[in-house]
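Summary of the model geometry
One-letter residues, chain by chain:
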Amino acid sequence: MLIAFPAGAAYDETEYLKPEAFLAKVYGENVPSISLMPLRGDTRKRAEAALGHRYSGLRLRYWLQNGTSAWIIDEKSKDMPMTIGIGINPEGEIAIIELLVYREPRGGEIHQAAFRKQYLGLRLTGNNALSGPVDGITGATLSVDALNRVAAMALVLHQSVQGETIP
């Protein structure tokens, strides 16, 4: 995948957590094999509704074990994509959310554990939204919005791999 940088812009890439370390947080020592989900049909429609725009990928990588799914998803903040890891428990709640890589000059405060703690226990509502509010961070509005969208998308994808439907 090629990423085009806006002309004249300087972007640092901050890696907060490697994918392997994120998966170890979700599953411990017994990380399951990677799976690929084709993104099509109703799942694509619901995922894109949660995301708020068309998703360019044709499939997503995920891990699933004992009803717990883990997703690593890239989503654009302002100009550049950030990489987010989300673990969903068997009850369909966010169990872990980590910012793996951040590539914007501002808004990186979303990596702080105190901020991300707000997402724990959130579920998906019938309109593909998060079940509770998330307080923003001044100067990081676009990053918070992107994290909210990816969290909702991961919940949709979790329901899809579990064969669940929204109440």
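Just so it is clear, the structure is predicted and the values come from calculations on it, not from any experiment.

Further remarks concern the pattern of salt bridges. The full count for this structure, using the stated rule, is 7 salt bridges. Two residues, Glu 13 and Arg 103, come together in a salt bridge whose shortest N-O distance is 3.0 Å. In this pair, Glu 13 is assigned in the segment before β1 (14-15) and Arg 103 in the loop between β6 (94-102) and α3 (113-116), connecting sequence segments 90 residues apart. Overall, Glu 13 belongs to the exposed group, its relative accessible area being 56%. On the accessibility criterion, Arg 103 (14% relative accessible area) is buried. Among the ionic pairs, Lys 18 bridges to Glu 15, the shortest N-O distance being 3.1 Å. Its relative accessible area of 47% is what places Lys 18 among the partly exposed residues. Under the relative-accessibility criterion, Glu 15 is labelled partly exposed at 44%. One salt-bridge network, held together by shared partners, links Lys 25, Glu 98 and Arg 116.

What follows covers the pairing of strand β5 (residues 81-88). Among the 8 residues that make up β5, 8 are buried, leaving the element largely enclosed by the rest of the structure. Burial along β5 is two-sided: the residues Pro 81, Thr 83, Gly 85 and Gly 87 and Met 82, Ile 84, Ile 86 and Ile 88 are all buried. Where strand β4 (residues 68-76) lies against β5, 8 bridges are found, and the strand directions are antiparallel. For Trp 71, the partnering residue across the bridge sits in β5 and is Ile 86. One ladder, built from 6 bridges, connects β5 with β6; its direction is antiparallel. Note that in β6 the partner of Ile 84 across the bridge is Leu 99. From the end of β5 to the start of β6, which pair antiparallel, there are 5 residues, and Gly 92 there has a positive phi angle of about 80 degrees.

Thresholds, definitions, all that
- Residues numbered from 1 in each chain as written.
- Predicted model: local features only at pLDDT ≥ 70, side-chain atom pairs only at ≥ 80, totals over all residues.
- Heavy atoms only, no water.
- Salt bridge = Lys/Arg side-chain N within 4 Å of Asp/Glu carboxyl O.
- Helix = DSSP H or I, 4+ residues; strand = E, 2+ residues; numbered from the N terminus.
- Buried < 20%, exposed > 50% of the residue type's maximum accessible area, 1.4 Å probe, protein only.
- Pairing = 2+ DSSP bridges.

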